[in-house]
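Descriptive structure summary
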Amino acid sequence: MSRIVILLTAIAMSLQTTNLFAQTEQTPADEQEKFNVVETISHHISDSHHWNVLAWDGGKKSIDIPLPVMAYNTQTGDFLFTLSSSFDDGKTLQKNGVTYALDHHDKLLADGSRHNVFDFSLTRNVASGLMTSVILLLVFCGAARSIRKNGGIPKGAAGAAEYLMVFVKDIADEQIGKEKGARFTPFLLTLFFFIWFNNLVGLLPFFPGSSNLSGNIAFTGILAVFTFLVTHIFANKHYWIETFTVPNVPGIMKLIMIPLEILTMFIRPFTLLVRLFANITGGHIIVISLFSLIFILNTIGIAPVSVLLGLLVFTLELIFGALQAYIFTVLSALYISLAVNASAEE
Amino acid sequence: MEGLLTPEPGLVIWSGLTFLVVLALLTKFAWKPLLGMLKEREDEISSSLQKAKEAKQEYQRLEAQKNQILAESRAERDAIIKEARAKVDAMIEDAKARSQQEADKLIEQARAQIEREKAGAIDDLKRQVATLSVQIAGKLIETNLNTDNGQEALIEKYLQESNFN
């Protein structure tokens, strides 16, 4: 969303705004090139090997923070460790006789193919996630220290942090039960705040926000996998019996129900994955689309509408950011509860 | 927009790793202390409430005890006063009775003394009356009653005869 700020600044400075975005892509620098909204949105919501701070002059000039590029070449067995700034203007890099390149989706290629290389670079999303994690640690470790210093009495911001923590802790207590819930509270707390803080950072329309980590399917996927693992590592024996024998269903129905139950095991975390991914990415797409209206219609007349609608959607996104984190946490707690509190049915 | 639905393995690894590290650090340095302090505070509040309740009960018990002791001491005081009064009454009664007895005895003694004195006096009087009567009678009859023996015998004879009772 840093683009939005750049856009607005650009509008204020000049009305030559038509091809602001397309310039960042590897397309020919045609002055009157048509504004490609799909490319703009795609560029924003997907990952990148450099962290854009500011861009101006139609995206020709920009301040970027170079990020480490780390990859394993599956063909040669070599590791590539470098900075994204070491790629030349054509976005290529020669190393050990291999040509590495960043394509116009900012994906790493080796000898022209993305399948030749396993990319585990510290990309914009990773950097954003690390930054969010540091904020998260500072907030809650700071709160813990502050409360300890005050002799166990929360004061000021620490009280707010503790209030939020208690809010999430109550989810665990309500869903799983006070006794058994205590074991999962740290996981659920971390889950909620990790998602929420990343959502908020993603909503920041300028550096160092604007990345779309919590709307990335890799991020939501791995969190869903963690929920799945926690659910099934701590599941009791009744849960497994119920899943694989479906005790209170008559004979022939079992043939249908058992595969369904087994599918359910995987569908549950899958819905978590899709819900968070779709909501956050969808929100980002709507906001950018609304601001892109100005450039699609090529008139500043639509700007007030864009800004007002954008503001509305942005506010909604702030709410959704918390809501989606809450839903993910509540459902995770529910799934864990179903597995941990399963009891034998007659 | 292709690739949006295919998770990047690199990002999967980094996200997972970040989450796990954050989970570990937050659990150790934030959640455990925060939840611990929360629990401590909850326990402290509930134990304080319990203590307040106990103190109230203790106060009520002491109050009851105090009242009981007060009532007991009051009863004891009443009993002591009653007893003392009874003793005093008894002593007064006793003293009265004794003094009465003493007085009775003295009166009795006095009466006996008077009785004795009276008897003696009457005896004496009778004697003198008899002597006088005999002298008068002797003079009158001028017989050989001049001898003392004859007089005495006569007096005795008369005394025997005359009963003054």
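The shown structure was predicted, so the numbers you read here are calculated from the model rather than taken from an experiment. (Residues numbered from 1 in each chain as written. Chains lettered and ligands numbered in written order. Predicted model: local features only at pLDDT ≥ 70, side-chain atom pairs only at ≥ 80, totals over all residues.)

**Here's the deal with the overall build of chain B**
- Scanning chain B for helices and strands turns up 2 helices and 0 strands.
- Computed over the C-alpha atoms, the radius of gyration of chain B is 63 Å, more than 25% above the 15 Å expected from 2.2 N^0.38 for a compact globule of 165 residues.
- Dimensions of chain B, computed from the C-alpha atoms along their principal axes, are close to 200 × 25 × 15 Å. (Helix = DSSP H or I, 4+ residues; strand = E, 2+ residues; numbered from the N terminus. Rg over C-alpha atoms; globule rule 2.2 N^0.38 Å.)

**A short note on the overall build of chain A**
- Secondary structure summary: chain A contains 9 helices and 8 strands in total.
- A separation of at least 24 residues holds for 61% of the contacts in chain A among residues at least 6 apart in sequence. (Contact = placed C-beta atoms within 7 Å.)

**As for the interface of chain B and chain A**
- With 31 residues of chain B at the contact, the number on the chain A side is 42 residues.
- Across the side of chain B that touches chain A, the residue classes break down as 22 nonpolar, 6 polar and 3 charged. (Nonpolar A, V, L, I, M, F, W, Y, C, P; charged D, E, K, R; others polar.)

**Here we look at the packing of helix α6 (residues 217–233) of chain A against helix α1 (residues 9–141) of chain B**
- Taken N-terminus to C-terminus, the directions of α6 of chain A and α1 of chain B make an angle of 50°; their axes are 8 Å apart at the nearest point. Classified by the angle between their axes, α6 of chain A and α1 of chain B sit oblique to one another. Here α6 of chain A runs over α1 of chain B; the crossing is right-handed. Residues Ala218, Phe219, Gly221, Ile222, Leu223 and Phe226 of chain A of α6 of chain A form the contact with α1 of chain B, whose participating residues are Leu11, Val12, Ser15, Gly16 and Phe19 of chain B.
- In terms of residue class, the contact of α6 of chain A with α1 of chain B is built from 8 nonpolar, 3 polar and no charged. (Axes fitted to C-alpha atoms, helices over the stretch in contact; angles between N-to-C directions. Parallel < 35°, antiparallel > 145°, perpendicular 65-115°, else oblique. Left-handed = near helix turned anticlockwise from the far one by under 90°.)

**Re the sheet that holds strand β6 (residues 98–102) of chain A**
All names here are of chain A.
- Strands sit in the order β5-β6-β7 across an open sheet of 3 strands; the sheet is antiparallel. Every interior strand has two partners, whereas the edge strands, β5 (92–95) and β7 (108–110), have only one. Here the average twist between neighbouring strands, direction ignored, is 20°.
- Direction of pairing for β5 relative to β6: antiparallel, over a ladder of 4 bridges. Across the sheet, Thr92 pairs through a bridge with Ala101, a residue of β6. (Pairing = 2+ DSSP bridges.)

**A short note on the environment of Met70 of chain A**
Residues and elements named next belong to chain A.
- Looking at where Met70 falls in the secondary structure, it is placed in strand β3 (residues 68–73).
- Considering only alpha carbons, one finds Met70 and Asp119, 49 residues apart in sequence, at a separation of 6.2 Å.
- Those residues within four positions of Met70 in sequence are excluded, and the remaining contacts are Leu80, Phe81, Phe120, Ser121 and Leu122.

**Observations regarding the pairing of strand β4 (residues 79–83) of chain A**
Residues and elements named next belong to chain A.
- Here β3 pairs with β4 via 5 bridges, running antiparallel. In the sheet register, Ala71 faces β4, and the bridge partner there is Leu80.
- Between the antiparallel neighbours β3 and β4 lie 5 residues, among them Gly77 with a positive phi of about 80°.

**Section: the nonpolar core**
- Leu188, Leu191, Phe192, Phe194, Ile195 and Ile336 of chain A together with Leu34 of chain B are the most contacted members of the largest nonpolar core, which totals 58 residues.
- Taken together, the elements giving at least two residues each to this core come down to α3 (124–149), α4 (157–176), α5 (178–203), α6, α8 (251–296) and α9 (303–340) of chain A together with α1 of chain B.
- For this core, the element with the highest residue contribution is α5 of chain A, accounting for 12 residues.
- Filtering out sequence-adjacent residues up to four positions away, Ile336 of chain A remains in contact with Ile176, Phe184, Val230, Thr231 and Phe234 of chain A.
- The next biggest cluster of nonpolar side chains, apart from the first, holds 9 residues, and it includes Tyr100, Leu108, Val117 and Phe120 of chain A. (Core = buried A, V, L, I, M, F, W, Y, C linked by C-beta atoms within 7 Å. Buried ≥ 20, exposed ≤ 12 C-beta atoms within 10 Å, placed from the backbone.)

**Digging into the environment of Lys95 of chain A**
Residues and elements named next belong to chain A.
- Tracing the chain through its elements places Lys95 in strand β5.
- With 77 residues separating them in the primary sequence, Lys95 and Ala172 have C-alpha atoms 51 Å apart.
- The contacts of Lys95, once residues within four sequence positions are left out, are Leu80 and Tyr100.

**As for the confidence of the model for chain B**
- Residue-level pLDDT values for chain B average 87, and 92% of them are 70 or greater.
- Scored by ipTM, the complex comes to 0.82, with pTM at 0.73. (pLDDT = per-residue confidence, 0-100.)

**Looking at the sheet that holds β4 of chain A**
All names here are of chain A.
- With antiparallel pairing, the 3 strands of this open sheet are ordered in space as β4-β3-β8. At either margin of the open sheet sits one strand with a lone partner, and together these are β4 and β8 (117–119). Across this sheet, the average inter-strand angle for adjacent strands is 25°, counted without regard to direction.
- Pairing of β3 with β8 involves 3 bridges; the strand directions are antiparallel.

**Looking at the pairing of β6 of chain A**
All names here are of chain A.
- Between β5 and the antiparallel strand that follows it, β6, lie 2 residues; Asn96 among them carries a positive phi value of about 50°.
- Sheet topology note: the β6/β7 ladder contains 3 bridges and is antiparallel. Within β7, the position partnered with Leu102 by the bridge is Leu108.
- Counted along the chain from β6 to the antiparallel partner β7, the turn is 5 residues long, and its residue Asp106 has a positive phi close to 65°.

**Brief notes about the packing of α5 of chain A against α9 of chain A**
All names here are of chain A.
- At their nearest, the axes of α5 and α9 sit 9 Å apart, and the two run at 155° to each other. What the angle tells us is that α5 and α9 run roughly antiparallel. Classified by chirality, the crossing of α9 by α5 is right-handed.
- Broken down by class, the residue content of the contact of α5 with α9 amounts to 16 nonpolar, 5 polar and 2 charged.

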